[in-house]
Amino acid sequence: DEFSAIVIIPKNFTSDFFDEKCPEILLIENPSQGIYPKMVETLLSLFTEGINYFLTYYHSQFKEFASIYNQVKSGSFSIKFLLFKTDRLKMLGEDFFEKSKKLFYAVKSIPFEVEFTKEGETEKEENFMLTLFPPYALFFLLFFANISAVSIVEERQKAITHRVLLTKMGLSRYLSGKIFSSVLFLIILSIVFSACGFFLFDLKTSNVLLLFFAIVLGCFSLFSVFFLTSSFAKNQSSASNLGMVFLFLMGFSGGGMIPLNLLSSAVVSFSKLFPFYSVNRMLGEILTSKPVSLQLVIYLILVSFLCYCAGMWRFKKFFREIG
């Protein structure tokens, strides 16, 4: 019962994979763990689909890698392979580069929007990763926000909170400390994501202070949703499941799983009810050097305030009822 799912990889998986024998991976799910087994199944499906696309598009390179692997495994691989077959390796590298370049431009040239500009005006080409990296990073951040909020219910369920409240620390001070530590952890994680975006995908902004403000406000508002959902849960399992419902609801409708420009207008309108959409849009405006909408900032502050107040009231009510 401690595991959501078990993935069993056969003994000769790598050898069979390079020999194109279609090795099978066995997945055993634990239905008592709620939505978590389905998450493992989804990730495993995405992984296998990615491998299939790779084998389809880069089959010649895969055959070369398989040949090198078999030579290394049999002990017949030597430095002579690299010294006397450099032309072959260079040709494969150039072929790989050309195919990757064509694939990149094919994806990049997908017409998501059509804009008409005046003659003589030129617009700076937007980085394609601006459409993908910020919402995906935010979606990943939601998992940690939910885990941090569920930990409050877990401590309450294990009577850790009761022992803490026997000290001079009051309930409001305890909950405020949990909120502060959780939001601080999310901010640090967001800074790491921002650094990855800067160094790996060349995502830059001319206003670092505004970006930091958006990160702080975004983490503060996103955690408020899970703080509120956890306050309605009676135990750790229900808190986790309820949080996951809102996690995927916000992630799907707000652009965390599918880019906003590919979603219908009805879904986008629905996503505006949650802070994920506003944080995603605010980060996009900052990274594209566009003016940040004041309405987004006011909305996030208002939603955070209401969620934290309601969550505090619910937690205090629960502790009063149990004495």
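The following refers to the structure shown. (Residues numbered from 1 in each chain as written. Predicted model: local features only at pLDDT ≥ 70, side-chain atom pairs only at ≥ 80, totals over all residues. Heavy atoms only, no water.)

### Quick notes on the environment of serine 269
Link 1 in the chain: By secondary structure assignment, the location of serine 269 is in helix α11 (residues 265-271).
Link 2 in the chain: Expressed as a C-alpha distance, the spacing of serine 269 and serine 253, which sit 16 residues apart in the sequence, is 8.7 Å. (Helix = DSSP H or I, 4+ residues; strand = E, 2+ residues; numbered from the N terminus.)

### Details of the packing of helix α6 (residues 133-157) against helix α9 (residues 208-231)
Helix packing for two helices is described by the angle between their axes and how far apart those axes are.
Link 1 in the chain: It is the contact of α6 with α9, at a shortest axis distance of 9 Å, that shows an interaxial angle of 40 degrees. By the angle between their axes, α6 is oblique relative to α9. Of the two possible hands of crossing, α6 and α9 adopt the one that is right-handed. Contacts between α6 and α9 involve Leu138, Leu141, Leu142, Ala145, Asn146, Ser148, Ala149, Val150, Ile152 and Val153 on the former and, on the latter, Cys219, Leu222, Phe223, Phe226, Phe227 and Ser230.
Link 2 in the chain: Taken together, the residues that form the contact of α6 with α9 break down as 13 nonpolar, 3 polar and no charged. (Axes fitted to C-alpha atoms, helices over the stretch in contact; angles between N-to-C directions. Parallel < 35°, antiparallel > 145°, perpendicular 65-115°, else oblique. Left-handed = near helix turned anticlockwise from the far one by under 90°. Contact = heavy atoms within 4.5 Å. Nonpolar A, V, L, I, M, F, W, Y, C, P; charged D, E, K, R; others polar.)

### Observations regarding α9
Link 1 in the chain: Spanning 24 residues, α9 covers 35 Å between terminal C-alpha atoms, matching the ideal 34 Å at 1.5 Å per step.
Link 2 in the chain: You can read the cap of α9 off the contacts: a side-chain oxygen lies 3.5 Å from the backbone nitrogen of leucine 209, and it is on asparagine 207. (Expected span 1.5 Å × (residues − 1). Polar contact = N/O pair within 3.5 Å; in protein donor to acceptor, adjacent residues only side chain to side chain.)

### Considering the packing of α6 against helix α8 (residues 171-201)
Link 1 in the chain: Relative to each other, α6 and α8 sit at 160 degrees, their axes nearing to 10 Å. The pairing of α6 with α8 is recorded here as roughly antiparallel in orientation. Of the two possible hands of crossing, α6 and α8 adopt the one that is right-handed. Of α8, the residues touching α6 (which contributes Phe133, Ala137, Phe140, Leu141, Phe144, Ala145, Ser148, Ser151, Ile152 and Glu155) are Tyr174, Leu175, Lys178, Ser182, Phe185, Leu186, Leu189, Ser190, Phe193, Cys196, Gly197 and Phe201.

### So, helix α12 (residues 275-287)
Residues spaced three or four apart along an α-helix point in a common direction, a consequence of the helix completing one turn every 3.6 residues.
Link 1 in the chain: Here α12 spans 18 Å end to end across 13 residues, near enough to the 18 Å set by a 1.5 Å rise per residue.
Link 2 in the chain: Most of α12 sits inside the fold, with 11 of its 13 residues counted as buried.
Link 3 in the chain: For α12, the set of buried residues is Pro275, Phe276, Tyr277, Ser278, Val279, Asn280, Met282, Leu283, Glu285, Ile286 and Leu287. (Buried < 20%, exposed > 50% of the residue type's maximum accessible area, 1.4 Å probe, protein only.)

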